[in-house]
Amino acid sequence: MTPLKYLQGYPSHLLDQVRQLIAERRLGDYLSQRYGGRHEVQSDKALYAYVVALKQEHLRKAPPLDKVLYDNRLDLTHRALGLHTAISRVQGGKLKAKKEIRVAALFKEAAPEFLRMIVVHELAHLKESEHNKAFYQLCEHMLPGYRQLEFDLRLYLTWRDLAPASPPEG
C-alpha cells in the first residue's frame, strides 16, 4: 500500500482513488490536465506585488506586509510550504511588529492555482492565527474552491515525491 503522508486525515475512499491513480501511473496526467500552466511570478519583487494585490482585494484592514519572498529553506522537511511571521523589535520606546510572508521556492515551478492557494492561506493568517472554522471560511471567501485546491496541492506534493525528476507538463 502506497503511503500518502500528505493526505492523512482524508476519507479512505478518497485515498483508495489516489492509490489507484498512482498504481495506474495516471496521477501526473490528472494534475497536468487540471493544472497544466505555470505562473509568471518568479521574483521576490513580483511575489510581493502579487501578495499585496490579493491583500488589498480581500483584507484591506489587515496590517501592512513588510516583506514577502520565496524562501529556498522552506520545504517539506519543515512541514511548511509558507510562513507568516511577525517580528517584534523595539524602536525607541515603542514596540514595532514587522509582518512577513515566506513562500516555499517550490511554488516558483507550480501551477498558478497552487501559488494563489498558498498565498491565500498565509494571508488568512493575518486575521486568523489558528487553523479553525473561521480560518477556512476566510480562505474559501478569498479563493472559492480553496479546499479542492488544497487537496490537489497535496496530490501534487505526493506526485513530486513519486516522480521528482519533472513536474507535470501542460
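Reading the values: rules and limits
Along each chain, residue indices are assigned from 1 in the same order as the chain's sequence is written. Local features in this predicted model are restricted to residues whose pLDDT is 70 or higher, and side-chain atom pairs enter the listing and the counts only when it is 80 or higher, whereas totals over whole chains, interfaces and linings include all residues. Water and hydrogen atoms play no part in the side-chain values, which are based on all heavy atoms of the structure. Where helices and strands are cited, they refer to DSSP runs of H or I of at least four residues and of E of at least two residues respectively, numbered from the N terminus. Note on classification: 1.4 Å probe, protein chains only; a residue is buried when its accessible area is under 20% of the maximum for its type, exposed when over 50%, partly exposed between these limits. Note on contacts: a residue pair qualifies if any of its non-hydrogen atoms lie within 4.5 Å across the two residues. UniProt positions are given in the numbering used here, feature names are shortened, and annotations may be inferred rather than shown by experiment. At least two DSSP bridges between two strands are needed for those strands to be called paired. Between 30 and 60 degrees the pair is tilted, below 30 it is stacked and above 60 it is edge-to-face, where a pair is any two Phe, Tyr or Trp rings, Trp via its six-membered ring, whose centres lie within 6.5 Å. Working convention: axes come from line fits to C-alpha atoms, limited for helices to the stretch in contact. Angles between N-to-C directions cover 0 to 180 degrees.

A closer look at unusual backbone geometry
For step 1, the next point in the chain: For Arg25, which is not glycine, the phi dihedral falls at a positive 55 degrees.
For step 2, the next point in the chain: Considering the arrangement of structural elements, one finds Arg25 in the loop between helix H1 (12-23) and helix H2 (27-34).

A few points about the side chain of Thr158
For step 1, the next point in the chain: Note that Thr158 resides in helix H6 (residues 146-162).
For step 2, the next point in the chain: Using a relative accessible area of 5% as the deciding quantity, one classes Thr158 as buried.
For step 3, the next point in the chain: In contact with Thr158, not counting residues within four places along its chain, are Leu4, Tyr6, Leu7, Ile22 and Leu27.

A few points about the UniProt feature "domain: YgjP-like metallopeptidase" (unreviewed entry) in the chain
For step 1, the next point in the chain: Mapped onto this numbering, the UniProt entry annotates "domain: YgjP-like metallopeptidase" (unreviewed entry) at residues 93-153.
For step 2, the next point in the chain: The distance separating the terminal C-alpha atoms of residues 93-153 is 44 Å; by composition the span is 51% helix and 18% strand.

With respect to the pairing of strand S2 (residues 82-91)
Looking along a regular strand, one sees side chains alternate from face to face of the sheet.
For step 1, the next point in the chain: Examined bridge by bridge, S2 and strand S3 (residues 94-104) share 10 bridges and lie antiparallel to one another. Of the residues in S3, the one forming a bridge with Gly82 is Val103.
For step 2, the next point in the chain: Between S2 and S3, which pair antiparallel and follow one another directly, the connecting turn spans 2 residues, one of which, Gly92, has a positive phi of 65 degrees.

A few points about the packing of aromatic side chains
For step 1, the next point in the chain: In the structure shown here, the tally under the stated rule is 6 aromatic pairs.
For step 2, the next point in the chain: Pairing Tyr35 with Phe114 gives two aromatic rings, centres 4.7 Å apart and planes at 40 degrees, and the pair type is tilted. You can see Tyr35 sitting in the loop between H2 and helix H3 (44-58) and its partner Phe114 sitting in helix H4 (residues 112-124), a full 79 residues away along the chain.
For step 3, the next point in the chain: Classification of Phe114 by relative accessible area gives buried; the value is 2%.
For step 4, the next point in the chain: Linked through ring pairs, Tyr35, Phe114, Tyr156 and Trp159 together constitute an aromatic cluster.

Notes on the sheet that holds strand S1 (residues 67-71)
For step 1, the next point in the chain: Strand order in the open sheet formed by 3 strands is S1-S3-S2, and the pairing between neighbours is mixed. With one partner strand each, in any of the chains shown, S1 and S2 form the two edges of the open sheet. Pairwise comparison of adjacent strand axes, ignoring direction, gives a mean angle of 25 degrees for this sheet.
For step 2, the next point in the chain: Along the sheet face, H3 touches S1 and S3 and points at about 125 degrees away from the line of S1.

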